[in-house]
Amino acid sequence: MNIIEVEELSKNFGQLAAVDKVSFQIDEGEIFGFLGPNGAGKTTTINMLCTLLMPSSGKAIVNGYDVVKQRSEVRRSIGLVFQEPTLDEYLTAEQNLRFHAYAYKVPKEEREKRITELLELVELSDRRKSRVRTFSGGMKRRLEIARGLLHSPRVLFLDEPTLGLDPQNRRHIWDYILALRQQNNLTIFLTTHYMDEAENSNRISIIDQGHIIALDTPDKLKDNLGGDMVTLKAEDNNSAALELKEKYGLSPAIQNGTITFSVPQGEKFLPKLMDNFQSHLLSISVRRPTLDDVFLKLTGRAIRDEEAGSKEQMKDMMRRRFGR
């Protein structure tokens with residue numbers, strides 16, 4: 001069953017087509033990774049799905065509701081966790097959750113029970129009376145996840161959910177996310193700069209210049225690169241790259257002082273290369289491709305070189321929505 005259906009969705013800002021007729025479907029209970037360079041249309045697409053931005057054309061259905069015609073129903077169906085904190089740091093943990101419950105009209109008879117359950121779930125029960133400004137970054141992120149789940153959404157949007165956290169806190173956050181997904185058949189729509197997190201996705205969509213340029217499982221996206229990744233450094237990288245192209249029909253790329261290319265069965269290719277290569281090599285290595293390689297190949301940019309981008313736009317929309 002598709003819980004999100006997007007059909008030729010577009011958004012224009014004057015003459016600029018920020019999102020141009022994108023289409024995809026997301027299954028119920030799926031973790032769907034959504035990746036793209038800055039300015040690719042990623043945030044604009046998410047804003048339309050969350051009813052924070054009106055599409056110019058096309059159609060999007062979330063949990064059976066049209067994002068244009070049934071905005072209130074869509075909003076009740078989704079939870080949002082942004083990259084930047086949107087908690088009120090002068091309120092306590094439970095006060096932040098209670099404010100959210102009021103905003104989403106959680107019934108009074110369920111409100112306090114849900115707050116208690118979720119604080120226990122994210123292991124913050126003992127800090128429910130503490131002001132959020134005393135919390136660590138990891139604690140704030142856990143509280144935001146609890147807040148995003150308070151109204152029992154069907155879809156949880158996670159925008160860079162662990163950016164800036166240390167590896168231990170990142171792992172703990174993902175333990176919560178994966179447990180929640182399994183317990184509640186929760187659908188998760190994820191953006192992240194961490195490719196190890198993107199590996200948790202059932203499928204990944206890559207958007208660039210307003211278009212979906214790839215959509216598949218992580219393994220299939222990596223397989224589509226054509227084999228193992230070989231990285232080498234030569235005394236003359238330009239001469240070595242030309243030799244690779246002319247002698248072996250490869251398409252090497254030179255970046256940061258090294259040459260990279262992909263070949264099937266890289267470990268079998270290396271001995272043949274060493275026997276016949278004329279350029280003097282300084283170093284060489286082979287490895288399986290990663291999602292970083294996929295992103296670089298498809299967009300021409302390394303995802304870790306990307307900056308945070310236009311997250312403030314989404315935060316400002318949320319503040320206006322709740323009058324904060």
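Owing to the predicted nature of the structure, the values given are computational and were not obtained by experimental measurement. (Residues numbered from 1 in each chain as written. Predicted model: local features only at pLDDT ≥ 70, side-chain atom pairs only at ≥ 80, totals over all residues. Heavy atoms only, no water.)

1. Looking at the environment of T260
Its place among the elements puts T260 in strand β13 (residues 258–263). Taking the C-alpha atoms as reference, T260 lies 12 Å from G227; in sequence the two are 33 residues apart. When neighbours within four sequence positions are excluded, T260 is seen to be in contact with V230, T231, S251, P252 and A253. (Helix = DSSP H or I, 4+ residues; strand = E, 2+ residues; numbered from the N terminus. Contact = heavy atoms within 4.5 Å.)

2. Describing the packing of helix α3 (residues 93–103) against helix α5 (residues 137–149)
Helices that pack against each other are described as a pair by the angle of their axes relative to one another and the distance between those axes. Running from amino to carboxyl end, α3 crosses α5 at an angle of 25°, the nearest separation of the two axes being 9 Å. Overall, the two elements α3 and α5 adopt an arrangement that is roughly parallel. Considering how the two elements wind past one another, α3 and α5 form a crossing that is right-handed. Packed against α3, whose contacting residues are A93, N96, L97 and H100, the element α5 presents L143, A146 and R147 at the interface. Residue classes in the contact of α3 with α5 are distributed as four nonpolar, two polar and one charged. (Axes fitted to C-alpha atoms, helices over the stretch in contact; angles between N-to-C directions. Parallel < 35°, antiparallel > 145°, perpendicular 65-115°, else oblique. Left-handed = near helix turned anticlockwise from the far one by under 90°. Nonpolar A, V, L, I, M, F, W, Y, C, P; charged D, E, K, R; others polar.)

3. Side note on the sheet that holds strand β11 (residues 228–234)
Spatially, the four strands line up as an open sheet ordered β12-β13-β11-β14, and their pairing is antiparallel. Two strands close off the open sheet at either side, each with one partner strand: β12 (253–255) and β14 (281–287). Direction aside, neighbouring strands of the sheet carry axes that sit 25° apart on average. Pairing of β11 with β13 involves five bridges; the strand directions are antiparallel. Residue D228 lies in a different strand from β13, and its bridge partner there is V263. Seen against the sheet, helix α9 (residues 237–248) touches β11, β12 and β13 and runs at an angle of roughly 15° to β13. (Pairing = 2+ DSSP bridges.)

Shape descriptors only; they carry no functional weight alone.
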